[in-house]
Amino acid sequence: YEGWSVPDGEGGVIVAFRDRDSENILSQRVDPSGAMLWNAPTGIVLTDLPSDRFSGIASDLAGGIMTAWVFEGSDYEIYFQHYGADGAPQLGAGVNLTFHPGVQFQPQIESDGTGGAFVLWFDNRIDPNYTPFLQHVDGSGLPIGFWPAAAAPVTTQPFVNYYTLLPDGLGGAF
């Protein structure tokens, strides 16, 4: 079973994991003394999606987390959600980051160290063999600075099969 953990920015940790009974992805915030802060003992439900549709978690460094996942509607779209320090979703059902018809999948998310996140995914809008696209968003899912609303391709090389998103420690990613 999958598991993820990130610092909460306040001396504790936030973990997310797949529940073996329900198959839901749950999350729990634990303070420095070991006390569970989000709906103890079970935690909060982040999603009931299969793990290959879930990105993992990124810390907002203020006690909350951000996540991204694939929503399978008429197309496969990448959605973003921010959970506050109390574990409550801040963006209703989430914010669509992709805005394009077609297929977007395999999101990854990393904190930018300032309360926002980088989200990377495969997208078929340029090439039917898929291209990795990157978006930099604030905690409300809006593009930061000069980032285009439609995200930016990382490369136009065909057949990029694998990628890893890593924070650079300076507010950027590579």
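Just above, that's the structure.
Residues numbered from 1 in each chain as written. Predicted model: local features only at pLDDT ≥ 70, side-chain atom pairs only at ≥ 80, totals over all residues. Heavy atoms only, no water.

Trainee: Explain the overall build of the protein to me, using residue names and the numbers behind them.
Mentor: From N to C terminus, the protein includes 0 helices and 12 strands. Helices (α) and strands (β) of the protein occur, in sequence order from the N terminus, as β-β-β-β-β-β-β-β-β-β-β-β. For 174 residues, the compact-globule estimate of 2.2 N^0.38 gives 16 Å, and the C-alpha radius of gyration of the protein, at 16 Å, lies within 12% of that figure. Across the 174 residues in the protein, those meeting the buried criterion constitute 45%. When contacts within the protein are restricted to residue pairs at least 6 apart in sequence, those whose partners lie at least 24 apart make up 37%. When the accessible area of the protein is evaluated, it comes to approximately 8400 Å², of which 57% is carbon and sulfur surface. Looking at the protein, you have 5 positive and 20 negative side-chain charges, and the mean spots of the two groups are 5 Å apart. (Helix = DSSP H or I, 4+ residues; strand = E, 2+ residues; numbered from the N terminus. Rg over C-alpha atoms; globule rule 2.2 N^0.38 Å. Buried < 20%, exposed > 50% of the residue type's maximum accessible area, 1.4 Å probe, protein only. Contact = heavy atoms within 4.5 Å. Areas by Shrake-Rupley, 256 points an atom, 1.4 Å probe, with all protein chains shown as cover. Lys, Arg positive; Asp, Glu negative; His and termini not counted. Charge placed at Lys NZ, Arg CZ, Asp CG, Glu CD.)

Trainee: Which residues make up the side chain of R29, and what values do they have?
Mentor: Along the polypeptide, R29 turns up in strand β3 (residues 25-30). A distance of 3.0 Å separates a polar side-chain atom of R29 from the backbone oxygen of A85. (Polar contact = N/O pair within 3.5 Å; in protein donor to acceptor, adjacent residues only side chain to side chain.)

Trainee: Give me the lowdown on the pattern of salt bridges, citing residues and values where you can.
Mentor: Applying the stated criterion across every chain, the model contains 2 salt bridges. It is possible to trace a salt-bridge network through shared partners that takes in D8, E10 and R29. (Salt bridge = Lys/Arg side-chain N within 4 Å of Asp/Glu carboxyl O.)

Trainee: Explain the nonpolar core to me, using residue names and the numbers behind them.
Mentor: One finds M66, I78, F80, L97, I109, V119 and W121 to be the most contacted residues of the largest nonpolar core, which totals 15 residues. Where this core is concerned, the elements lending two or more residues are β6 (65-72), β7 (76-83), β10 (117-123) and β11 (131-137). Once residues lying within four places of it in the same chain are set aside, the contact partners of V119 are A68, I78, F80, L97, Q108, I109, F133, L134, Q135 and L165. I14, A16, I44 and I65 belong to the second largest nonpolar core, which has 11 residues in total. (Core = buried A, V, L, I, M, F, W, Y, C linked by side-chain atoms within 4.5 Å.)

Limitation: the analysis is restricted to geometry and does not speak to function.
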